[in-house]
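Structural features, examined
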Amino acid sequence: AAVPARLWGGRSHCAGRLELLFAGTWGSVCAEGWDPAAARVLCHQLGCGRPRFVPVPCGPKAASAPPAVLRRVLCTGQERALEHCDLQPGQPSSCPTDR
């Protein structure tokens, strides 16, 4: 199934905080395994070319984001979209929960 993705709060649709529509809810991605390979897949999916900057998904900006929807993301970097990666739903223990 397709997993819609968006970058929210940036200057264009190719910048901002990553959110995914997962189980009918937009949620942030603060997941183990988010790395340059996963960013490459996301940028390809959004038609944004190569990633120039890979944000730390569990950085301070994630604390003010909607609840996390993924515990782990595993991409090789060759997938055409994030739904082809190994996505494990859930809230990671390392995610900031302060609101």
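Here the structure is a predicted model, which is why all the values come from computation and not from measurement. (Residues numbered from 1 in each chain as written. Predicted model: local features only at pLDDT ≥ 70, side-chain atom pairs only at ≥ 80, totals over all residues. Heavy atoms only, no water.)

Per-residue pLDDT for the protein chain has a mean of 80; in total, 79% of the residues score no lower than 70. By mean pLDDT, helix α2 (residues 60-63) is the weakest element of the protein chain at 52, and helix α1 (residues 36-46) is the strongest at 92. (pLDDT = per-residue confidence, 0-100. Helix = DSSP H or I, 4+ residues; strand = E, 2+ residues; numbered from the N terminus.)

Now for the sheet that holds strand β4 (residues 68-74). Reading across the sheet, the 5 strands line up as β1-β2-β3-β4-β5 and stay open at both edges, with mixed pairing between neighbours. Each end of this open sheet is capped by a strand with a single partner; those strands are β1 (5-9) and β5 (86-89). Direction aside, the axes of adjacent strands within the sheet are offset by 45° on average. Looking at chain direction, strand β2 (residues 16-22) and strand β3 (residues 25-32) are connected through 4 bridges and run antiparallel. Within β3, the residue paired with Leu-21 across the bridge is Trp-26. Set on the sheet, α1 makes contact with β1, β2 and β4; between it and β1 the angle comes to about 95°. (Pairing = 2+ DSSP bridges. Axes fitted to C-alpha atoms, helices over the stretch in contact; angles between N-to-C directions. Contact = heavy atoms within 4.5 Å.)

For the rest of this paragraph, the subject is α1. Every buried residue of α1 is accounted for by Ala-37, Ala-38, Ala-39, Val-41, Leu-42, Cys-43 and Leu-46. Of the surrounding elements, those touching the buried residues of α1 are β1, β2 and β4. The N-cap of α1, judged by a side-chain oxygen 3.1 Å from the amide nitrogen of Ala-37 a few residues on, is Asp-35. Where α1 terminates, the next one or two residues include Gly-47, which has phi positive at roughly 70°. (Buried < 20%, exposed > 50% of the residue type's maximum accessible area, 1.4 Å probe, protein only. Polar contact = N/O pair within 3.5 Å; in protein donor to acceptor, adjacent residues only side chain to side chain.)

Formed by 23 residues in total, the largest nonpolar core has its most connected members in Leu-20, Trp-34, Leu-70, Val-73 and Leu-82. Of all the secondary structure elements, the ones that give two or more residues to this core are β1, β2, β3, α1 and β4. If you tally residues by element for this core, the top one is α1, at 6 residues. (Core = buried A, V, L, I, M, F, W, Y, C linked by side-chain atoms within 4.5 Å.)

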